Amino acid sequence: MNVVVVESPAKAKTINKYLGPGYKVLASFGHVRDLPAKDGSVLPDQDFEMLWEVDGASAKRIKDIADAVKSSDGLFLATDPDREGEAISWHVLDMLNKKRVLNGKTVKRVVFNAITKKAVLDAMAEPRDIDVPLVDAYLARRALDYLVGFNLSPVLWRKLPGARSAGRVQSVALRLVCDRESEIERFISEEYWNLSALLKTPRGDEFEAKLVAANGKRLQARSIANGEQAGTLKALLEGATYVVDTVEAKPVKRNPGPPFTTSTLQQAASSKLGFSASRTMQVAQKLYEGVDIGGETVGLITYMRTDGVQMAPEAIDAARAAIVDQFGQRYMPEKARFYSTKAKNAQEAHEAIRPTDFNRSPDRVRQFLDADQLRLYDLVWKRGIASQMASAEIERTTAEITADNNGQKAGLRAVGSVIRFDGFIAAYTDQKEDGEQSDDGDEDGRLPEINTRENLAKQKINSTQHFTEPPPRYSEASLIKKMEELGIGRPSTYAATLATLRDREYVTIDKRKLIPQAKGRLVTAFLESFFTKYVEYDFTADLEEKLDRISAGELNWKQVLRDFWKDFFSQIEDTKELRVTNVLDSLNEALAPLVFPKREDGGDPRICQVCGTGNLSLKLGKYGAFVGCSNYPECNYTRQLSSEGGSEAEGTALNEPKSLGTDPVTGEELTLRSGRFGPYIQRGDGKDAKRASLPKGWKPEDIDYEKAMALISLPRDIGKHPETAKMISSGIGRYGPFLLHDGGYANLESVEDVFSIGLNRAVTVIAEKASKAPGGRAAAAALKELGDHPDGGAITIRDGKYGPYVNWGKVNATLPKGTDPQALTVEEALVLIAAKAGKAPASKSKAKPKAKAAAAETKTTKTAAKPKAAKARAPAKTKKS
């Protein structure tokens, strides 16, 4: 008997079936040990010795593996086929050696790119030794991340209160987002005009031509700068005659792109499906590890952490055969297509992401997948098969037209495209990110018949005013694309990096765009001012290249660490003498548009508008940065540092507490005030005074006595629940407006609901919250109402995760395969409900192990646990994102 170690229990179960009774497959559940989240885990003075820690759960798993190995013939380490997978195998082997259980047994490393029977058996037939340079690259990367995090983060905590952490890749990614925000703030919009003519051919067909030249000069983009120039040119076109100079029809071919890499999959899933990077990787992990298809667990896609763009020869052959079967012979090119990556520092040791079987089309697996799995698999399958399909053939027609107005001439151009043969477009078309310009040229559409030297009739002249727009904020997809272009980070780190920026509240996401928050911009400005080198794009990319050279066996990993640590430690030491006043002066200049936004009255934004003499400046408090007056305490003006812009931030400042009236119960005065965290209501004075912050969307100028009383009186008692006789109350908490009943919470849609919701509606909201399925999925909307059950309660047909089902109260009965939900009668529904209700519920003893396994699997998919403030840079033990 041989022992095989993989990473996840789901994978272990599947592979055990493939290998049979001669093998015992055990899961490591990701990493089995890691650097403890405390100082001294990496020791530069001892040549970067690394002190590993094993938690209780991992210790038990290693014991199980060790016990199995004792009575085995050999050990196969079959963790994931990447740097992290190699590291896990190395950790397992090192720990087993220390337990002295191997005793000369054969130990081999096997890797497979897909979890299919053929891939696994082929890998087992060709084992190898552990790739030592790959492990060295892992050790170097892990040590670097630790040294940066555990040495740079404390500097932030001391010099920049409120900052959470810094990281080798994280901080550079944050800088990209903040630099883009600075570009937007500095951007000055410019006016420009576009002119076009709606023309008619002698055959009565209309088309539009754009003005491209005037008076012998070619017009560049945005060269018509104002309405006066546009008016002059429009007058020329209005009185002109139009003749076609040339018509050129040119065939153009468009070639398909390569199959997905990790980053391009994340970009496409964001653009087409609206998935976050982490959601994409979660769904892809499941497709890779396998889903149940007809009683057999089958991996549907190849390994999803890769920057390779090539497919295996057998996969190319399978794709070409599927093209003929699915699309026809004409869609298969004469020769197979081969791709090479253009990404900086890419490693192409692995295949691109592709289906494990091209004959398994999305339609054939639809019934076995949930909605997100199907959508992502559909994307992978289409992109994979399109990569081997014939080129699209497009005919692009360009008509050059002269407008003549008594000797004054202008040139116009009309461009149209028509697809003569769709080729790969029949399977897959790219979708551009917001803010990206399409370079396809197909958006012009088809032109009518236009002949050289024929006259055209003018129908209308269009003159439109435009203004240049600032560059768009990054989305997750476009940021990943930029990081890949710069060579920052690696495929397996992108999702985790973005998650860290969100968790640290350095960025927020609004309408899929990354918006840097004030604390994120402060951290970036601080690092750019005092640790410039370590947030430079070229420096970070160069370090990534060195790590890749370590994995190729070209550099010594400890020498790379020595070189890095020498300069980095010196920089850390220099900051010990750094005074807070130096930090504030630097940040005031670096973040001037944020700290000193323009005032509506045109006054100096650095002068306090309350006292009129003090200078505004950043101040650092226990909970972060805010803007305050230099005349404190005589002038107590403060303002929250806001990323929202100047006018709103200024609007939150109050010259002095504004009296709103008196509480009729306590007799205390109600006042509207402004603090470093924004405007708030206060009742009474002193440290025991009750305070309530203004909810989001409430403006200080709109606050009157009634609103202040309503806010300061929260929580509000609504009434007693008719079933429990316990009070239902409403309030506003950290996560927004809510209802509270019997220790449980239910979210409300708006702040206004807190003050207006009645008892009946509150009971309904609580009931809806209680009816939510495990995992937070709300009860599905009814497709059809069948009527009432004889015992009371409505019977409905609903559409759920696994298809349509009958619902009555808490009983859900799945419809038999092939049943038309709309044709189901109430009598048939009653039979299904009775059958379902008659089944005994699953025992807790059976459900518990399954829940534990699910929880353990989920654990392996996380890259970074959210640490306590004192250990903000503590890396997680597992590698999955």
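Residues numbered from 1 in each chain as written. Predicted model: local features only at pLDDT ≥ 70, side-chain atom pairs only at ≥ 80, totals over all residues. Heavy atoms only, no water.

1. Here we look at the packing of aromatic side chains
Inference 1: Enumeration according to the criterion identifies 19 aromatic pairs in this entry.
Inference 2: Taken together, Tyr534, Phe539, Phe564, Trp565, Phe568 and Phe569 form an aromatic cluster joined through their ring pairs.
Inference 3: Of note, lysine 707 hangs over the ring of tryptophan 698, and the distance from its end group to the ring centre comes to 5.3 Å. (Phe/Tyr/Trp six-rings, centres within 6.5 Å; stacked < 30°, edge-to-face > 60°. Lys NZ or Arg CZ within 6 Å of the ring centre and 35° of its normal.)

2. Focus on the sheet that holds strand 27 (residues 736-741)
Inference 1: If you trace the four strands from one edge of the open sheet to the other, you get 25-26-27-28, paired in antiparallel fashion. Sheet topology places strand 25 (716-720) and strand 28 (744-747) at the edges, where each strand pairs with a single neighbour. In this sheet, adjacent strand axes meet at a mean angle of 30 degrees when their direction is disregarded.
Inference 2: Here six bridges tie strand 26 (residues 727-733) to strand 27, and the two strands are oriented antiparallel to one another. (Pairing = 2+ DSSP bridges. Helix = DSSP H or I, 4+ residues; strand = E, 2+ residues; numbered from the N terminus. Axes fitted to C-alpha atoms, helices over the stretch in contact; angles between N-to-C directions.)

3. Considering empty space enclosed by the protein
Where empty space is left can be seen by rolling a probe of water-molecule size over the atoms.
Inference 1: Following the criterion strictly, the structure yields three cavities of 30 Å³ or more and no others.
Inference 2: By volume, the largest cavity is sized at about 100 Å³.
Inference 3: Residue lining of the largest cavity: 14 residues in total, with Val148, Gly167, Arg168, Tyr534 and Val535 positioned closest to the centre.
Inference 4: Mapped by element, the contributors of at least two residues to the lining of the largest cavity are helix 5 (132-159), helix 6 (170-186) and helix 16 (537-551).
Inference 5: Of all the elements, helix 16 adds the most residues to the lining of the largest cavity, at three residues.
Inference 6: Classifying every residue of the lining of the largest cavity gives ten nonpolar, three polar and one charged. (1 Å grid on protein atoms, 1.4 Å probe; cavity = no way out; pocket = protein on both sides within 12 Å on 5 of 7 lines; lining within 4 Å. Points joined across faces, edges and corners; volume = space filled by probe spheres on them. Nonpolar A, V, L, I, M, F, W, Y, C, P; charged D, E, K, R; others polar.)

4. So, the environment of glutamine 465
Inference 1: Of note, glutamine 465 is situated in strand 15 (residues 455-467).
Inference 2: Taking the C-alpha atoms as reference, glutamine 465 lies 4.6 Å from tryptophan 193; in sequence the two are 272 residues apart.
Inference 3: A distance of 2.9 Å separates the side chain of glutamine 465 from the side chain of glutamate 191, its partner in a polar contact. (Polar contact = N/O pair within 3.5 Å; in protein donor to acceptor, adjacent residues only side chain to side chain.)

5. Topic: the pattern of salt bridges
Pairs may arise between side chains of opposite charge once their charged atoms sit close together.
Inference 1: A complete count under the given rule lists 46 salt bridges for this structure.
Inference 2: Across the pair arginine 521 and glutamate 185 runs a salt bridge, and its minimum N-O distance is 2.6 Å. Of this pair, arginine 521 sits in helix 15 (residues 518-530) while glutamate 185 sits in helix 6; the two residues are 336 residues apart in sequence, bridging distant segments of the chain.
Inference 3: We classify glutamate 185 as partly exposed; its relative accessible area is 33%. (Salt bridge = Lys/Arg side-chain N within 4 Å of Asp/Glu carboxyl O. Buried < 20%, exposed > 50% of the residue type's maximum accessible area, 1.4 Å probe, protein only.)

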